[in-house]
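Okay, here's what each chain looks like letter by letter:
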Amino acid sequence: MNLTSNPVQEIFGDVKCPGDKSISQRILIIGSLLNCDINVSGFLNAKDPLSTMAALNQIGASINKDGDLVKIKKRSRPFNSPESSIYLGNSGTGIRLMTGLISGLNLKATLIGDESLSQRPMSRVVNPLVKMGKKISTNDGKTPIKIKGGSINDNFEYQMPIASAQVKSSLILASLSSGNSIHIEEPKVTRDHTEKMIEYCGGKIDVQNSSEGKIITLNKSNLAEISSYEVVGDFSSAAFIIVAALISKKSKVLIKNVGLNATRKGLLEVLLKMNANIKIVNRRKTCNETCGDLIVESSALEGIEVSDSIIPNIIDEIPILSVAASFAEGETVIKNASELKVKESDRLKATSDGLEAMKIKHDILDDGLIIYGQNNDVPVSKEIDSFGDHRIAMSFLVAGTRSKEGIIVKNCKNIETSFPDFLNTMNALGMKIHG
Ligand code: S3P
């Protein structure tokens, strides 16, 4: 599916931020483990959370969707090994977290995904789970992941070799669901929704912060029942609206109910340093997660050097940050971001290709980008390929606001994995995106 985004001057209005994808997937998993009736509101009704929901139902969970409300029901039977392979579509979070959960539950299962997911590295979760006691095979580190047996050891200690919340969460879920404890050292701090949700449900999780990162200990926990859970808005989705408003000429938007977890809102700090006009109002806590409303206005952005330590907290936002940097005066330097190469696409290359089509001068590094920004509307000579990656597609559609004659972005179907209402939402604010 190709989409065209035409130039506009003004992005204006109020919008409610769509539900957080990471949190939506985690409440399905942790909620199923609690084994009680839970009404989930604010759930992200998108392909990735829905494939995680289907995967959980395949192993015996009882979750259904009733309009916007998701109902997790007390199970009438124990979890079971599925008869057929579990398909997680495009979702890295889905497959890696489900691998941890299924390992801890002592089930046997084969997990697979779509073409993109089949090319992504799975050893990062499988290797530590094997060290924890599981028997798991892969196809040379890729899917299918076959969980064959073994059981999780108690008191496993692990130092994270890469910054990955999916790996950390997978191991925590393996320990939680097997009734064991685990100790994880995380030198580079990543999103902590799993820890916050376990704490919210009464789990015994202890987090020590130090200059060398975080030390997370999950002690044997019996979680308490909850009857409802409200998912806050997804900062990563809000990022597209934020940047659209910042780079267009006469804009003002109010984005309501945006998740502002400290490990997720790194882009806000980066943009504020770039001279962005963003205000946070109505800051509050919902189900142990900070959220608030954002007022964003057109801004004369300036390039900056992005600090290395913030990279894990802006990892999903680097493509849209690159668009913001394209229209910021001066140089923006992004390094230490080689994880971008193993996302839904090689996001370093996909971003660089898109910038090239927009004739934005930049250098592509082995682990990042240097973007030489400028504040003129850009001529776009060719179609931009999103490589089937939702965040690349949405980033360059946002860039269309500042194109001279529009941008055509190819392969946009996977926008439905994280922000199915993107077109309607952006067009309601004044953007001109069409098929
Ligand atoms: C996620 C963690 C990040 C992020 C992904 C969602 C999660 O991946 O890029 O979109 O929900 O835990 P990594 O853990 O691979 O960095």
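Residues numbered from 1 in each chain as written. Predicted model: local features only at pLDDT ≥ 70, side-chain atom pairs only at ≥ 80, totals over all residues. Heavy atoms only, no water.

Looking at an unreviewed UniProt entry, one finds the protein chain named 3-phosphoshikimate 1-carboxyvinyltransferase, with SAR86 cluster bacterium SAR86A as its source organism. Recorded under Subunit (unreviewed entry), the UniProt text for the protein chain is reproduced unchanged: "Monomer." (UniProt positions renumbered as here; feature names shortened; annotations may be inferred.)

Asker: Even after reading the chapter, I still don't get the UniProt feature "active site" (unreviewed entry) in the protein chain, so can you show me in this structure?
Answerer: Under the UniProt annotation, the feature "active site" (unreviewed entry) is placed at Asp 316. With respect to the helices, strands and loops of the structure, Asp 316 is situated in the loop between β17 (289–297) and α9 (318–326). Look at Asp 316 and you get buried, because its relative accessible area is 11%. Polar contacts involving the side chain of Asp 316 include one to the side chain of Arg 191, which spans 3.1 Å. (Helix = DSSP H or I, 4+ residues; strand = E, 2+ residues; numbered from the N terminus. Buried < 20%, exposed > 50% of the residue type's maximum accessible area, 1.4 Å probe, protein only. Polar contact = N/O pair within 3.5 Å; in protein donor to acceptor, adjacent residues only side chain to side chain.)

Asker: Is there a simple way to explain the site of the ligand in this structure?
Answerer: For the ligand, the full set of nearby residues is Ser 22, Arg 26, Thr 93, Arg 96, Ala 163, Ser 164, Ala 165, Gln 166, Arg 191, Ile 315, Asp 316 and Lys 343. Contacts to the ligand include Arg 26, whose side-chain N or O atom sits 2.7 Å from an oxygen atom. The separation between an oxygen atom of the ligand and a polar side-chain atom of Ser 164 is 2.7 Å. Relative to its unbound accessible surface of 380 Å², the ligand loses 95% to contact with the protein. Mapped onto the shell around the ligand, the elements with two or more residues apiece are α1 (21–34), α3 (92–104) and α5 (165–178). Here the residues of the shell around the ligand are counted per class, giving three nonpolar, four polar and five charged. (Near = heavy atom within 4 Å. Areas by Shrake-Rupley, 256 points an atom, 1.4 Å probe, with all protein chains shown as cover. Nonpolar A, V, L, I, M, F, W, Y, C, P; charged D, E, K, R; others polar.)

Asker: In this structure, what is going on with the UniProt feature "binding site: 3-phosphoshikimate" (unreviewed entry) in the protein chain? I would like to understand it.
Answerer: Under the feature "binding site: 3-phosphoshikimate" (unreviewed entry), the UniProt entry names Lys 21, Ser 22, Arg 26, Ser 164, Gln 166, Asp 316 and Lys 343. Mapped onto the secondary structure, Ser 22 falls in helix α1. When its relative accessible area of 7% is taken as the criterion, Ser 22 is described as buried. Once residues within four sequence positions are removed from consideration, Asp 316 is found in contact with Arg 191, Ser 236, Lys 343, Arg 347 and Arg 391. (Contact = heavy atoms within 4.5 Å.)

Asker: Please explain the packing of aromatic side chains as it appears in this structure.
Answerer: The geometry of two aromatic rings is summed up by the distance between their centres and the angle between their planes. All told, the structure shown has four aromatic pairs when counted by the stated rule. Each ring, one from Tyr 200 and one from Tyr 229, has its centre 5.7 Å from the other, and the planes form 80°; the classification is edge-to-face. Highlighted residues: Tyr 200 in helix α6 (residues 193–200) and Tyr 229 in strand β14 (residues 228–230), separated in sequence by 29 residues. Here Tyr 200 falls in the partly exposed class, since its relative accessible area comes to 34%. You can call Tyr 229 buried: its relative accessible area is 3%. Three or more aromatic residues joined by ring pairs form one cluster here, namely Phe 240, Phe 419 and Phe 422. Between the NZ or CZ atom of Arg 75 and the centre of the ring of Phe 79, over which it lies, the distance is 3.8 Å. The ring of Tyr 372 is capped by Lys 361, whose NZ or CZ atom sits 4.3 Å from the centre of that ring. (Phe/Tyr/Trp six-rings, centres within 6.5 Å; stacked < 30°, edge-to-face > 60°. Lys NZ or Arg CZ within 6 Å of the ring centre and 35° of its normal.)

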